[in-house]
Each structure stands twice: as C-alpha cells, then as structure tokens.
Amino acid sequence: MRDVMLFFHFIGITMGLGTSFAHAFLGIAAAKMSTEEAAKFRMHTLVLGKMGHVGLALLLVSGFYLITPYWKSLADMPLLIVKLVLVLTLIILIVIITRASKKAQQGDAEGQLKKMAAVGKLTLIVALAIVGVAIAVFH
C-alpha cells in the first residue's frame, strides 16, 4: 500500500508544482501583452487551478498515510515539523489564491490577478522548499 500512496503522492507533486510553473510561465507570456489582453488571457488560465487543487488533494490524502509511522517520533524530527509547517503555509496560500480567483471571476479581475500573481510566486517558492526539506528528511 505504501508504494501506491507514494505513486499518488508523486502525481500530486507533479500536478501541484506543474500548476505553479505553468502560471509562472504564462505570467511571462502575459507580461508581453497589453493590459487588456493580459487580463483576458490570465482569466482563461485560471482553469489550471483545478489541476492544482486535485494535486493538493492527492498530496494530502497520500501524505497523511505516508506520515503515519513518523507521528511517534515527530518531536525528534525538526525538519519534518518544518515540512509540515510549510505544507500548512502552502494550503493557506492556495486558499488566498482560490478566493482571489473567485473574486476575479465576479468582476474585480485586474486587482485580483495582481494579488494572485504575487501570492503565486510565493506559492512556488514554498512548494519548492517543501520538496527540498522532504528530500532532507527522508533521504
């Protein structure tokens, strides 16, 4: 069962990081457009958020299973605690982006897209940090 959960965990990582990288590269493309075109383009790319949400769900479900053997020794694993705090931070950032996305679709596109771009950059950094810390913890 562990191998199955590792499979889903890695798929979740791929989907989550893929969403972050896709938005980063699409942001580069949008920066070369007029303000109107860029806003319209970015509104169409919001659908990628669904892929990120599915990836996060896979990560959480598989992660809860995979971390089960470590709960007893959690106090002796400070890097694992750091990883869990980073995961919580990532979830909060994704909630902020999701709310901004909904507000953008309801009419305040320009302001919300700017907010999403800034938070999205931080989300990518946090996600990469999670991977780095995970390598250090489970190496």
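These numbers come from a predicted model, not from an experiment. (Residues numbered from 1 in each chain as written. Predicted model: local features only at pLDDT ≥ 70, side-chain atom pairs only at ≥ 80, totals over all residues. Heavy atoms only, no water.)

Trainee: I keep staring at the packing of aromatic side chains and nothing clicks. Help me out?
Mentor: For any pair of aromatic rings, the description consists of the separation of the ring centres together with the inter-plane angle of the planes. Enumeration according to the criterion identifies two aromatic pairs in this entry. A centroid spacing of 5.4 Å and a plane angle of 80° characterise the contact between Phe-7 and Phe-8, whose relative ring orientation is edge-to-face. According to the relative accessible area criterion, Phe-7 is exposed, its value standing at 51%. We classify Phe-8 as partly exposed; its relative accessible area is 35%. Measuring from centroid to centroid gives 5.3 Å for Tyr-70 and Phe-138, while their planes differ by 65°, and the two rings are edge-to-face. (Phe/Tyr/Trp six-rings, centres within 6.5 Å; stacked < 30°, edge-to-face > 60°. Buried < 20%, exposed > 50% of the residue type's maximum accessible area, 1.4 Å probe, protein only.)

Trainee: Is there a simple way to explain the side chain of Thr-19 in this structure?
Mentor: Take Thr-19: it is sitting in helix H1 (residues 2–31). Discounting residues that sit within four places of it in the chain, Thr-19 has contacts with Leu-48, Gly-49, Met-51 and Gly-52. (Helix = DSSP H or I, 4+ residues; strand = E, 2+ residues; numbered from the N terminus. Contact = heavy atoms within 4.5 Å.)

Trainee: What is the right way to look at a nonpolar patch on the surface in this model?
Mentor: On the surface, a nonpolar cluster with roughly 570 Å² of combined accessible area is contributed by Met-1, Val-4, Phe-7, Phe-8, Ile-11 and Tyr-65. By residue number, the principal contributor to the nonpolar patch is H1, which donates four residues. In this structure, Phe-8 sits in helix H1. (Patch = residues over 30% accessible without salt bridge, like charges linked within 9 Å, V, L, I, M, F, W, Y side chains within 5 Å. Areas by Shrake-Rupley, 256 points an atom, 1.4 Å probe, with all protein chains shown as cover. Salt bridge = Lys/Arg side-chain N within 4 Å of Asp/Glu carboxyl O.)

Trainee: Please clarify how the packing of H1 against helix H3 (residues 48–67) should be interpreted in this entry.
Mentor: Contact pair H1 / H3: the axes reach a minimum separation of 7 Å and the direction vectors enclose 150°. Judged by the angle between their axes, H1 and H3 are roughly antiparallel. The way H1 lies across H3 gives a crossing that is left-handed. For the contact of H1 with H3, a count of residues per class yields 15 nonpolar, 11 polar and one charged. (Axes fitted to C-alpha atoms, helices over the stretch in contact; angles between N-to-C directions. Parallel < 35°, antiparallel > 145°, perpendicular 65-115°, else oblique. Left-handed = near helix turned anticlockwise from the far one by under 90°. Nonpolar A, V, L, I, M, F, W, Y, C, P; charged D, E, K, R; others polar.)

Trainee: What is the right way to look at a positive patch on the surface in this model?
Mentor: A surface patch of like charges, here positive, comprises Arg-99, Lys-102, Lys-103 and Lys-115. If you tally residues by element for the positive patch, the top one is helix H4 (residues 78–105), at three residues. Of note, Lys-115 is situated in helix H5 (residues 109–138). (Lys, Arg positive; Asp, Glu negative; His and termini not counted. Charge placed at Lys NZ, Arg CZ, Asp CG, Glu CD.)

Trainee: Could you clarify how one ought to interpret the layout of surface pockets in this entry?
Mentor: In this structure, the second largest pocket occupies an estimated 220 Å³ of space. Contributing elements (two or more residues each) for the lining of the second largest pocket: H1, helix H2 (35–45) and H5. The leading source of residues in the lining of the second largest pocket is H2, at four residues. Tallied by class, the residues present in the lining of the second largest pocket amount to six nonpolar, three polar and three charged. (1 Å grid on protein atoms, 1.4 Å probe; cavity = no way out; pocket = protein on both sides within 12 Å on 5 of 7 lines; lining within 4 Å. Points joined across faces, edges and corners; volume = space filled by probe spheres on them.)

Trainee: Honestly, the packing of H1 against H2 in this entry has me stumped. Any pointers?
Mentor: Any two packed helices are characterised by how steeply their axes cross, that is the angle between the axes, and by the distance between the axes. Remark: H1 packs on H2, axes separated minimally by 10 Å, with the N-to-C direction vectors making an angle of 160°. What the angle tells us is that H1 and H2 run roughly antiparallel. For the crossing formed where H1 meets H2, the hand is right-handed. Facing H1, whose interface residues are His-23, Leu-26, Gly-27, Ala-29 and Ala-30, H2 presents Ala-38, Phe-41, Arg-42 and Thr-45. Of the residues in the contact of H1 with H2, the class split is five nonpolar, three polar and one charged.

Shape descriptors only; they carry no functional weight alone.
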